[in-house]
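# Observations on the model geometry
Here is what each chain is made of, one letter per residue.
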Amino acid sequence: MTAKVLQYDTRELETFLPHSQPAYLHSVSSTPNYYMGCSYEANLKQYLLSTKATPRYYGTVYDCYIPPPKFGYIRASPLPIKVDIPDNAKNVDTTPEDFDPFKTRHLEHPVSSGGTLTHLLKSSLGTGILSMPAAFKASGLWMGVFATILVSIICTYCAYNLVICAHVLYKKAGKTTMTYAEVAEEACLRGPPWSRKYGFVAKQIVLWGIFVTYFATGSCYAVIVAENFNYVAFNYIGTYDKRISVALLFLPFLCIAYVPNLKSLAPVSMVANVCMTVGLGITGYYLLTDIPSLSERPAVANFSSLPICISIVIFAIEAIGVVMPLENNMKSPQKFVGIFGVLNQGMTFVTIIYVMLGFLGYLKYGEATADSITLNLPKEEYAAQAVNLLIGLSVFFTYGLVFYVCLDIFWNEVKHRYASKEKLANYALRTVLVMINIIIAVLVPEIVPFVSLIGAFCFSILGLMCPVVIEILVFWDDGFGRFNWKLGKHVVIVFMAGLACVFGSKSAIAGIVKTFQ
């Protein structure tokens, strides 16, 4: 007889809590294992037999890797334990066929489809929109339109398939919600045999990929805030090294990072939305006055700068980090996908806005287009100054939301080490993270190279490559269609993402190097 080795997917466990679910790793021989000799073995067995747990059951032997009780967290090499389960115990090797993850999902505050669409628009219409004219400058007027629409279709397709895969895995795993990292893990654990040992690795890659992406975005926000405030300050007190402005943002950024929780940031987020809306409205007025002829702008620019355009568009339009959180909080998650689902509606609207602003911004200012379109507005006019102050404030207040994504990931990995001084350690970590954000921004005080690097390297991997790999693993047993056309589609997406990653990163790094010369 053979048994299966399973592993609990939580890394911080003092007792076996109801939310801890084992995940399939690989087959092993059912040779006798050694008991850990820990005092809670009986409690463990009772837990495994309870209805709250969802262990996979094989015959009369249950083999699993269990975190030792020492220090209350899992060590690098957890010890195995064998628990004998009676033959008449409930077989939970597979999820019941009638399991409906959507009907089973119980949320304290479910969000309607309209509310989810609003959140998606708020998440997608971020600071990246300010650099869209710079993207068109790098590609040309009509090439910019084509590139933006193409990138949007690919990004939306990958996000769409990520949610479809999550819905399939909900039923297989008996879960009602999953994070992006958990979807990656489950895809490996329930995919072909060769992928199952990479479940934990896949989860960590996505988790820390999100951390790096949003942490770099935080540094980019510091540069954007400084640039917009400098736009007004230089007009009254003269020019100075913009790195000074970035450094002076440490204390303000630290104050917003010290806000204890996301609920307390809700009013701040509302202020940021108002500032961004008013600022973009006034910017639109400037772009629509005295528009030059279309013939004055090249339809296609130098192809060597096209990777910069694609990288900026990916940074601006990619919303892979919010897709699963939004879906997880929907009252009717089935409506998130579909031809006229929330995702397609939201991304269609976002694409139209991005194309319009990029097109009009480059048409208006041509080769003089700045890294952020607000920096092209006439400095002497009070309305233009108000735009830059409003955009600067909006980005400043938005920093708190980006910062909390990073804080949550990092803190969950280290908090078990500081149980006795948790609050002090938490705020010390906040301080260190903000300090590193500002130091990076001081070293690279340029918007376009920063935005291009994040879009090219981080979002190309997280937003394009990872969803494709997840889809391949989830539907591995179903095959890839006639003549393997589905596999060909995946190869094309990964190839395009690879080009954007390599050449976009190369161009961005070259721009960053120039700041040190």
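Presented here is a report on the structure given in the accompanying data block. Keep in mind it's a predicted model, so treat the numbers as computed, not measured.

## What to know about the overall build of the protein chain
Looking only at helices and strands, the protein chain has 17 helices and four strands in total. A buried classification covers 52% of the 517 residues belonging to the protein chain. Intrachain contacts of the protein chain at a sequence separation of at least 6 include 81% that bridge at least 24 residues. As displayed, the protein chain has an accessible area near 24100 Å², and 65% of this comes from carbon and sulfur atoms.

## Let's talk about the pattern of salt bridges
What the rule picks out here adds up to six salt bridges. A salt bridge links R190 to E186; the nearest nitrogen and oxygen atoms lie 2.6 Å apart. The exposure class of R190 is partly exposed, given its relative accessible area of 22%. Of the charged contacts in the structure, one is a salt bridge between K242 and E227, with a shortest N-O distance of 3.3 Å. Highlighted residues: K242 in helix α8 (residues 242-248) and E227 in helix α7 (residues 199-237), separated in sequence by 15 residues. When its relative accessible area of 24% is taken as the criterion, K242 is described as partly exposed. On the basis of relative accessibility, which here comes to 15%, the residue E227 falls in the buried class. Within this structure, K175, E186 and R190 form a network of salt bridges that share partners.

## So, a nonpolar patch on the surface
Together, F146, L150, V492, F495, M496, L499, V502 and F503 line one region of the surface with nonpolar side chains, adding up to about 740 Å² of accessible area. If one sorts the elements of the nonpolar patch by residue count, helix α17 (residues 485-514) sits on top with six residues. Within the element layout of this structure, V492 appears in helix α17.

## Looking at the nonpolar core
Ranked by internal contacts, the top residues of the largest apolar core, which has 132 residues, are Y180, F253, F336 and I470. Here this core takes 17 residues from α7, the largest share from any one element.

## A short note on the packing of aromatic side chains
Across all of its chains, the model carries 17 aromatic pairs by this definition. Note on F211 and F215: the rings are 5.5 Å apart at their centroids and 10 degrees apart in plane angle, and the pair reads as stacked. Of the two residues, F211 and F215 are both situated in helix α7; the distance of four residues between them amounts to about one turn of the helix. For the pair shown, F211 and F215 are each scored as buried. Between F253 and F396, the aromatic rings sit 5.5 Å apart at their centres with planes inclined by 50 degrees, giving tilted as the arrangement. With F253 in helix α9 (residues 250-257) and F396 in helix α14 (residues 382-414), this pair connects stretches of sequence that are 143 residues apart. With a relative accessible area of 0%, F253 lands in the buried category. One aromatic cluster in this structure is built from F253, F396, F397, Y399, F403 and Y404. One cation-aromatic arrangement involves R430 over Y427; the distance from NZ or CZ to the ring centre is 4.7 Å.

## Overview of the environment of S123
Checked against the element boundaries, S123 lands in helix α3 (residues 113-124). Assessed through its relative accessible area of 37%, S123 is described here as partly exposed. Linking S123 and E318, residues 195 residues apart in sequence, is a C-alpha distance of 9.4 Å.

## Examining helix α13 (residues 342-365)
For α13, spanning 24 residues, the distance from its first C-alpha to its last is 35 Å, which sits close to the expected 34 Å at 1.5 Å a residue. With 17 of 24 residues buried, α13 lies mostly within the body of the structure. A positive phi of about 60 degrees marks G366, the residue just after α13.

## What about the side chain of K364?
The topology assignment puts K364 in helix α13. No salt bridge is formed by the buried K364; the nearest opposite charge belongs to D290, separated by 4.7 Å. In terms of polar contacts, K364 uses its side chain to reach the backbone carbonyl oxygen of T289, at 2.4 Å.

## Structural notes on the packing of helix α5 (residues 141-173) against helix α11 (residues 306-317)
Where α5 contacts α11, the two axes come as close as 10 Å, and the packing angle between them is 45 degrees. In this view, α5 runs oblique relative to α11, as classed from their interaxial angle. Relative to α11, α5 is oriented so that their crossing is right-handed. Of the residues in α11, those in contact with M143, A147, T148, V151, S152 and C155 of α5 are L306, C309, I310, V313, I314 and I317. Taken together, the residues of the contact of α5 with α11 break down into ten nonpolar, two polar and no charged.

## Quick word on α3
Along its twelve residues, α3 runs 16 Å from first to last C-alpha, staying within 8% of the 16 Å computed at 1.5 Å per residue. Within the span of α3, buried status applies to G115, T116, L120 and S124. Relative to the axis of α3, the buried residues are bounded by an arc of 165 degrees and lie together on one face. Looking at the buried residues of α3, the elements they touch are α11, α12 (320-328) and α13.

## Observations concerning the side chain of T431
As for its placement among the helices and strands, T431 is situated in helix α15 (residues 422-443). Discounting chain neighbours no more than four positions away, the residues touching T431 are F250, L254 and Y258.

Thresholds, definitions, all that
Position numbers for residues count from 1 along each chain, tracking the sequence in the order it is written. Predicted model: local features are reported for residues with pLDDT of at least 70 only, side-chain atom pairs are reported and counted for 80 or more only, and whole-chain, interface and lining totals are derived from all residues. Only hydrogens and water are set aside when side-chain values are computed; all heavy atoms of the structure are taken into account. Helix and strand labels come from DSSP, where a helix needs a run of H or I of at least four residues and a strand needs a run of E of at least two; each type is numbered from the N terminus. Throughout this description, buried means an accessible area under 20% of the type-specific maximum (1.4 Å probe, protein chains only), exposed means over 50%, and partly exposed covers the range between. Whether two residues touch is decided by their heavy atoms; if any such pair falls within 4.5 Å, the residues are in contact. Only the protein chains shown count as cover for residues, and the accessible areas themselves come from Shrake-Rupley with a 1.4 Å probe. For this document, the term salt bridge refers to a Lys or Arg side-chain nitrogen within 4 Å of an Asp or Glu carboxyl oxygen. Patches draw on residues past 30% relative accessible area with no salt bridge. Two like charges within 9 Å are joined, as are two nonpolar side chains (Val, Leu, Ile, Met, Phe, Trp, Tyr) within 5 Å. By nonpolar core we mean a set of buried residues, namely Ala, Val, Leu, Ile, Met, Phe, Trp, Tyr and Cys, connected to one another through side-chain atoms within 4.5 Å. Between rings of Phe, Tyr and Trp, where Trp is taken as its six-membered ring, a pair exists when centres lie within 6.5 Å; planes separated by under 30 degrees are stacked, by over 60 edge-to-face, and by other angles tilted. As a reminder, the over-ring test applies to NZ of lysine and CZ of arginine, requiring each to be within 6 Å of the ring centre and within 35 degrees of the ring normal. The span one expects for a helix is its residue count, reduced by one, times 1.5 Å. Charged residues are defined narrowly, with Lys and Arg counted positive, Asp and Glu counted negative, and His plus the chain ends left uncounted. Two N or O atoms count as a polar contact when they lie within 3.5 Å, although within protein this holds only if one can serve as hydrogen donor and the other as acceptor, and sequence-adjacent residues are included solely when both atoms are side-chain atoms. Geometry is summarised by axes, namely lines fitted to C-alpha atoms with helices restricted to the contacting stretch, and by angles between N-to-C directions that run from 0 to 180 degrees. Comment on the angle field: the value is read as roughly parallel under 35 degrees, roughly antiparallel over 145, roughly perpendicular from 65 to 115, and oblique elsewhere. Note: crossing handedness is left-handed where the near helix turns anticlockwise from the far helix by less than a right angle, and right-handed where it turns clockwise. Each residue gets one of three labels, nonpolar for Ala, Val, Leu, Ile, Met, Phe, Trp, Tyr, Cys and Pro, charged for Asp, Glu, Lys and Arg, and polar for the others, Gly among them. Think of it as the arc spanned by the lines of direction from the helix axis to the C-beta atoms.

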